[in-house]
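# Structural overview
Below, each chain spelled out in residue letters.
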Amino acid sequence: MSSRAFITGVSGLELGTAEREFIRAERPWGFILFKRNIETPAQITSLVGQLRDSIDDPNAPVLIDQEGGRVARLGPPHWPVYPPGAVFGALYDIDPELGFRAARLSSRLIAADLIDLGVTVDCLPLADLPVEGADAVIGNRAYGTKPAKVAAIARAVTEGLEQGGVLPVLKHIPGHGRATADSHFRLPTVDASRDELDRTDFAAFQPLADLPMAMTAHVVFSALDPAHPATTSATIIREVIRGVIGFQGLLMSDDVSMNALAGTIAERTRAIVNAGCDMVLHCNGKLDEMRDVARETPELAGEALERAKRALASRKAPGPLDRRVARAELDGLVDRVRTA
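### Quick look at the packing of helix α4 (residues 96–117) against helix α12 (residues 323–339)
- Two elements in contact, α4 and α12, have axes separated by 10 Å at closest approach and are oriented at 140 degrees. The angle between the axes of α4 and α12 places the two elements in the oblique class. Taken as a pair, α4 and α12 cross one another with a handedness that is left-handed. Contacts from Leu98, Arg101, Ala102, Leu105, Ser106, Leu109, Ala112, Asp113 and Asp116 in α4 reach Arg323, Ala326, Arg327, Glu329, Leu330, Leu333 and Arg336 in α12.

Structure below.
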């Protein structure tokens, strides 16, 4: 049975009757969880089952933002704390192999946490390059400020997720690191030249162009399209994301309800689809907005459908993991940063 080209959040700890009816009728491609959806492991497992049952698809993708550091939907007392991305960058500066090892261990352990719950997609890794004076929304989530370093650590993070049976989502393509505003609240504009962007921000994403999925940045790049953020810019999606960077996987928007985007939810959804995103992401769980997104989103078809199929087909079965040993090694590596 066909799906519509959107991913939706839901409002609470279990699926309400109206939400269930909406999901059955509109058949989103996938779902995303936030802290409002999280209480205990048993409760999350039940909610994930309810979501998949509502569209009669036991393999429907369920996403989460579980990076470590301050972007972590799962946390104590039921789940451990993981380091922010900057720790991997600091270890890399001591010895690149230490940075790669910590990045793989952390994401491999995160993957194990997620698979236990039935969550199969993590919105990770980041390839954003923060610069001096940028908003702190990226900050210590980033692996560094040099494209080659960031791409290499992002690859290690990806490997850990994939070894644990979790699909990665590369973000925020083609780059959020230079933004001088948090796109959750207002629209950032980046005025760097095209040459500078090619050398830095875009270069960090190019080695990761083979990843199965990516999430766009709600950021205006004035040298490319002064009127539209990347998410709603056909020029940036065609010429930069699909062109310069060479990304050919499933492209999803960042959250359509974020304040960086202008217009009604319906207008934003149309703009995202028309620009060339394969998938619209809606996160806040507000049912009236969910209905607007569904109304303006097409059925998943054509190249977008093929990219979605390839993405899901790329998920591997989890490999073996001794969590206690892996956690002890990760903690030891993190201590190296604290004592350096």
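And the narrative resumes.
### Here we look at the pattern of salt bridges
- Overall, the coordinates contain 23 salt bridges when judged by the stated rule.
- For arginine 238, the salt bridge identified is with glutamate 239, shortest N-O distance 3.7 Å.
- A relative accessible area of 36% places glutamate 239 in the partly exposed class.
- A salt bridge links arginine 270 to glutamate 296; its shortest N-O distance comes to 3.2 Å. Residue arginine 270 is found in helix α9 (residues 265–275), and its partner glutamate 296 is found in helix α10 (residues 287–296); the two are separated by 26 residues along the sequence.
- Arginine 270 sits in the partly exposed class, given a relative accessible area of 36%.
- The exposure class assigned to glutamate 296 is partly exposed, which follows from its relative accessible area of 24%.
- Each of Asp65, Glu67, Arg73, Arg141 and Lys171 takes part in a single network of salt bridges with overlapping partners.

### A word on the sheet that holds strand β13 (residues 279–282)
- Ordered by their spatial adjacency, nine strands build an open sheet running β7-β6-β3-β2-β1-β13-β12-β10-β8, and the pairing between neighbours is parallel. Bordering the open sheet on either side are β7 (167–168) and β8 (170–173), each of which pairs with just one other strand.
- Two strands pair when backbone bridges link them, and strand β3 (residues 62–64) and strand β6 (residues 121–122) are joined in this way by two bridges, in the parallel orientation. Following the sheet pairing, leucine 63 is matched in β6 by valine 121.

### Observations concerning the pairing of strand β12 (residues 250–255)
- Most of β12 is tucked away, with six of its six residues classed as buried.
- Summarising the sheet, strand β10 (residues 213–216) and β12 pair through three bridges and their orientation is parallel. When the sheet's bridge partners are listed, methionine 215 is paired in β12 with methionine 252.
- Direction of pairing for β12 relative to β13: parallel, over a ladder of two bridges. Across the sheet, the residue bridging to methionine 252 is methionine 279, located in β13.
- What joins β12 to β13 is α9, and the crossover it makes is right-handed.

Procedures and definitions
- Residues numbered from 1 in each chain as written.
- Predicted model: local features only at pLDDT ≥ 70, side-chain atom pairs only at ≥ 80, totals over all residues.
- Heavy atoms only, no water.
- Axes fitted to C-alpha atoms, helices over the stretch in contact; angles between N-to-C directions.
- Helix = DSSP H or I, 4+ residues; strand = E, 2+ residues; numbered from the N terminus.
- Parallel < 35°, antiparallel > 145°, perpendicular 65-115°, else oblique.
- Left-handed = near helix turned anticlockwise from the far one by under 90°.
- Contact = heavy atoms within 4.5 Å.
- Salt bridge = Lys/Arg side-chain N within 4 Å of Asp/Glu carboxyl O.
- Buried < 20%, exposed > 50% of the residue type's maximum accessible area, 1.4 Å probe, protein only.
- Pairing = 2+ DSSP bridges.
- Right-handed = clockwise from strand over helix to strand, strands pointing away.

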